[in-house]
Amino acid sequence: MKRIAILLILLSAATSSYAAKKFTIDDLKQTLAALHGKSDQDIATRLKEIELGEQLTASTKDSLKEYLPGPLATEQLEILEGRSAMLAPPQAELPPTPAPDVATQKAILAKAVDFVTKVYMQSPHLLGTRTTTRYQDGVESIHTNSGMNNNMPNSGRSWELPDMTMRLVGSHSDSVESEKGVELVPPVKQKAPWGRNGQISEGGPGPVLSVILQEAAAAGTLNWRRWQTIQGKPVAVFSFAVPKKKSHYEVHYCCFPVTEDTGRMGYEGTGANLQYNTDWKDFKSIAGYHGEFYVDPDTGVIVRLVTQAELKPTDFVHQEDMRIDYGQVVVEGKPIILPVRSITLNEVVPNGDNYAARYSVRHTLFLVSYLNYEQFAGR
């Protein structure tokens, strides 16, 4: 029965992947217009089936609110915005301005280097509030391994395919410190509210802007990509890639089980009751990565950073895509450019390499807001 269930899960995943059509933003608009007047549940169910091939920008999302009758549909549109955050917007939303010449591109990048080294890296020691909202798929399909019995997906109801649509799990707030533009590791490790195994927690601080810029420049891969409009202003987008041998980019998540089969405890019905010893470990890996810088061409201010780790399919973590948005924040009367929002998409195998549970792939979307910055007064 368990083998049949696994085959059904794999067959379903393969069929869905084959049949999936990535929607354009125009497709999304037309779909919502056609569903106008339907129930909140009906619209939310339809939105769960959509994968976008273009970025749903905040302004476009706001323009679609009239089609959302309630919280379920609103939540699913928020998820679509997050899941498409690393993509380019539709061509119609991009400025028609031609690409600048090479000399102008170099001048913009020189301004960006000056901003990072002379302004951003001189930021004072600050304290702020970080609020993390978590969305996840397959919430019920994987059980925490207690060290006893088996750890199969949907254990006890193996004939049912798990619900792998993404939905809100919860949110929490904690304090965050930064100095010279670098988020500091807390002296006392804060306990994340996500449980072990079934809900993988965030790792350490995110990418360091100055390090990413330095490594991208050293790799010699900074290239013009496009113009893009952010908050009503055109910004210059440059792509980059850093190979693993030149990278200091660490991917870090907690906690993955290491299990050992200690034998059989007997039989319950027709199935074996297996016993495991379980230990837990973090996943840490230095990875190559690629991404994009979004630069204000007039000031050199970096308004957005996108990084996408290049991970092996055999790793516990298959994907980590991050976007950090920077904005002007007034701290004690002084304007400072700081992170104001981040978006992280990951794909993990939360049960590690334990038996057939390796097929239980999970996707998580973290939306983070940074608020209430103030000068750090010490402990």
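From a predicted model like this one, the values you see are computed outputs, not experimental measurements. Numbering of residues begins from 1 in every chain and follows the order in which that chain's sequence is written. Whole-chain, interface and lining totals are the exception, using all residues; otherwise, since this is a predicted model, local features are given only for residues with pLDDT of at least 70 and side-chain atom pairs are given and counted only at 80 or more. Calculation of side-chain values draws on the structure's entire complement of heavy atoms; hydrogens and water are dropped beforehand.

Colleague: Just checking my understanding: could you explain the overall build of the protein for this structure?
Modeller: Helix and strand counts for the protein stand at seven helices and 14 strands. Looking at the 379 residues of the protein, the share that counts as buried comes to 46%. Any two residues having at least one pair of non-hydrogen atoms within 4.5 Å are treated as being in contact. The long-range fraction of contacts in the protein, counting pairs at least 24 apart against all pairs at least 6 apart in sequence, stands at 71%. Values of accessible area rely on a 1.4 Å probe in the Shrake-Rupley scheme; residue burial ignores everything except the protein chains shown. With an accessible surface of roughly 19400 Å², the protein has 53% of that area assigned to carbon and sulfur atoms. A run of H or I in DSSP becomes a helix once it reaches four residues, and a run of E becomes a strand once it reaches two; helices and strands are each numbered from the N terminus. Between buried and exposed lies partly exposed: a residue is buried under 20% and exposed over 50% of the maximum accessible area for its type, with that area taken using a 1.4 Å probe on protein chains only.

Colleague: Is there a simple way to explain the packing of aromatic side chains in this structure?
Modeller: Centre-to-centre distance and the angle between the planes together describe a pair of aromatic rings. For Phe, Tyr and Trp, where Trp contributes only its six-membered ring, two rings pair if their centres lie within 6.5 Å, and the inter-plane angle classes them as stacked under 30 degrees, edge-to-face over 60, or tilted in between. Evaluated as defined, the whole model comprises seven aromatic pairs. An angle of 70° between the planes, with centres 5.0 Å apart, marks the rings of Trp224 and Trp227 as edge-to-face. The pair formed by Trp224 and Trp227 is uniform in burial state, with each residue classed as buried. Among the aromatic residues, those joined into a ring-pair cluster are Phe240, Tyr249, Tyr289 and Phe293. Whether a charge sits over a ring depends on NZ of Lys or CZ of Arg being within 6 Å of the ring centre and within 35 degrees of the ring normal. Its guanidinium or amino end placed over the ring of Phe23, Lys21 lies 4.8 Å from that ring's centre, counting from NZ or CZ.

Colleague: I would appreciate a short explanation of the nonpolar core in the present structure.
Modeller: Note that soluble globular proteins tend to have their nonpolar side chains buried in a common cluster. Here the nonpolar core consists of buried residues drawn from Ala, Val, Leu, Ile, Met, Phe, Trp, Tyr and Cys, with membership extended through side-chain atoms lying within 4.5 Å. Grouped together as the largest cluster of nonpolar side chains are 52 residues, with contacts concentrated most on Leu209, Phe240, Val251, Phe293, Ile302, Val317 and Leu365. It is strand S7 (residues 233-242) that contributes the most residues to this core, six residues altogether. Ignoring any residue separated from it by four or fewer positions in sequence, one finds Phe240 in contact with Ile212, Ala216, Thr221, Leu222, Tyr289, His290, Gly291, Glu292, Phe293, Leu305, Val306 and Thr307. Ranked by size, the runner-up nonpolar core spans 16 residues in total, among them Leu28, Leu56, Tyr67 and Ala73.

Colleague: Where do I start with the confidence of the model for the protein in this structure?
Modeller: Detailed conclusions should not be drawn from predicted coordinates in areas where pLDDT is low. Each residue carries a pLDDT score, the predictor's own confidence in it, on a scale running from 0 to 100. When pLDDT is averaged along the protein, the result is 82, and 75% of the positions lie at 70 or above. A low-confidence stretch, residues 354-358 stays under pLDDT 50, and its non-local contacts, those more than four residues away or across chains, total 15 contacts.

Colleague: Can you walk me through the pairing of strand S14 (residues 362-375) in this structure?
Modeller: In the case of a regular strand, side chains alternate between the two sheet surfaces. At least two bridges found by DSSP between two strands are what make those strands a pair. The sheet contact formed by strand S3 (residues 126-136) and S14 spans ten bridges and is antiparallel. Opposite Thr133, over in S14, you have Leu367 as the bridge partner. The sheet contact formed by strand S13 (residues 334-348) and S14 spans eight bridges and is antiparallel. Across the sheet, residue Glu347 finds its bridge partner in S14, namely His363.

Colleague: Help me out: how do you make sense of the pairing of strand S6 (residues 223-230) in this one?
Modeller: Looking at chain direction, S6 and S7 are connected through seven bridges and run antiparallel. Residue pairing in the sheet places Arg226 in a bridge with Val237 of S7. The turn linking S6 back onto S7 is made up of two residues, and Gln231 within it adopts a positive phi angle of 50°.

Colleague: Help me out: how do you make sense of the packing of helix H3 (residues 40-48) against helix H5 (residues 71-83) in this one?
Modeller: Axis angle and axis distance: for two packed helices, these are the angle between their axes and the distance between the axes, and together they describe the pair. Two elements in contact, H3 and H5, have axes whose closest approach is 7 Å; the angle formed by their N-to-C orientations is 20°. With respect to their mutual orientation, H3 and H5 come out roughly parallel. The two elements H3 and H5 meet at a crossing, and its hand is left-handed. When H3 is examined against H5, the residues Asp40, Gln41, Ile43, Ala44, Leu47 and Lys48 are found in contact with a partner set consisting of Pro71, Leu72, Ala73, Gln76, Leu77 and Leu80. Tallied by class, residues from the contact of H3 with H5 come to eight nonpolar, two polar and two charged. Helix axes are fitted to C-alpha atoms over the stretch in contact, other axes to C-alpha atoms as well, and angles between N-to-C directions run from 0 to 180 degrees. Our angle categories are set so that under 35 degrees counts as roughly parallel, over 145 as roughly antiparallel, 65 to 115 as roughly perpendicular, and the remainder as oblique. Should the near helix be turned anticlockwise from the far one by less than a right angle, the crossing is termed left-handed; should it be turned clockwise, right-handed. Polar here means any residue outside two lists: the nonpolar Ala, Val, Leu, Ile, Met, Phe, Trp, Tyr, Cys and Pro, and the charged Asp, Glu, Lys and Arg; Gly therefore counts as polar.

Colleague: Explain the packing of helix H6 (residues 102-118) against helix H7 (residues 209-219) here, please?
Modeller: At a minimum axis separation of 10 Å, H6 and H7 run at an interaxial angle of 145°. At the point where H6 passes H7, the crossing takes the left-handed sense. Counted together, Ala112, Val113 and Val116 of H6 and Leu209, Ser210 and Leu213 of H7 form the full contact between these two elements. Classifying every residue of the contact of H6 with H7 by side-chain character gives five nonpolar, one polar and no charged.

Colleague: Quick question: what am I supposed to make of the side chain of Asp296 here?
Modeller: Within the fold, Asp296 resides in the loop between strand S10 (288-295) and strand S11 (302-310). Judged by its relative accessible area of 9%, Asp296 falls in the buried class. Side-chain polar atoms of Asp296 contact the backbone nitrogen of Asp298, separated by 2.9 Å. A polar contact is formed between the side chain of Asp296 and the backbone nitrogen of Thr299, at a distance of 3.3 Å. By the criterion applied in these results, polar contacts are pairs of N or O atoms within 3.5 Å in which, for protein atoms, one can donate a hydrogen and the other can accept it, and in which residues neighboring in sequence qualify only through two side-chain atoms.

Colleague: I'm lost on the pattern of salt bridges in this one. Help?
Modeller: Side chains that differ in sign of charge can pair as their charged atoms come close. The salt bridge criterion pairs a side-chain nitrogen of Lys or Arg with a carboxyl oxygen of Asp or Glu, the two atoms within 4 Å. Applying the stated rule across the entire model yields 16 salt bridges. Put simply, Glu78 and Lys61 hold a salt bridge, and the shortest N to O gap is 3.0 Å. With Glu78 in helix H5 and Lys61 in helix H4 (residues 58-63), the pair connects residues that are 17 residues apart, well separated along the chain. On the basis of relative accessible area, Lys61 is assigned to the buried category, the value being 13%. As a salt-bridge pair, Arg304 and Asp325 come within 2.8 Å of each other at their nearest N and O atoms. Here the residue Arg304 occupies a position in strand S11, and Asp325 occupies one in strand S12 (residues 317-331), the gap between them amounting to 21 residues.

Colleague: Help me out: how do you make sense of H6 in this one?
Modeller: Each turn of an α-helix holds 3.6 residues, which means side chains three or four residues apart point in the same direction. Given the number of residues in a helix, its expected span is that number minus one, multiplied by 1.5 Å. Taking 1.5 Å of rise per residue, the 17 residues of H6 would be expected to cover 24 Å, and the 24 Å separating its terminal C-alpha atoms lies within 8% of that figure. Each element contacted by the buried residues of H6 is listed here: H7, S6, S7, S10, S11 and S13.

Colleague: I tried to follow the environment of Ala34 on my own but got confused; where do I start?
Modeller: Inspection of the secondary structure puts Ala34 in helix H2 (residues 25-34). You can call Ala34 exposed: its relative accessible area is 62%. Put simply, Ala34 and Tyr67 are 33 residues apart on the chain and 9.6 Å apart in space, counted from C-alpha to C-alpha.

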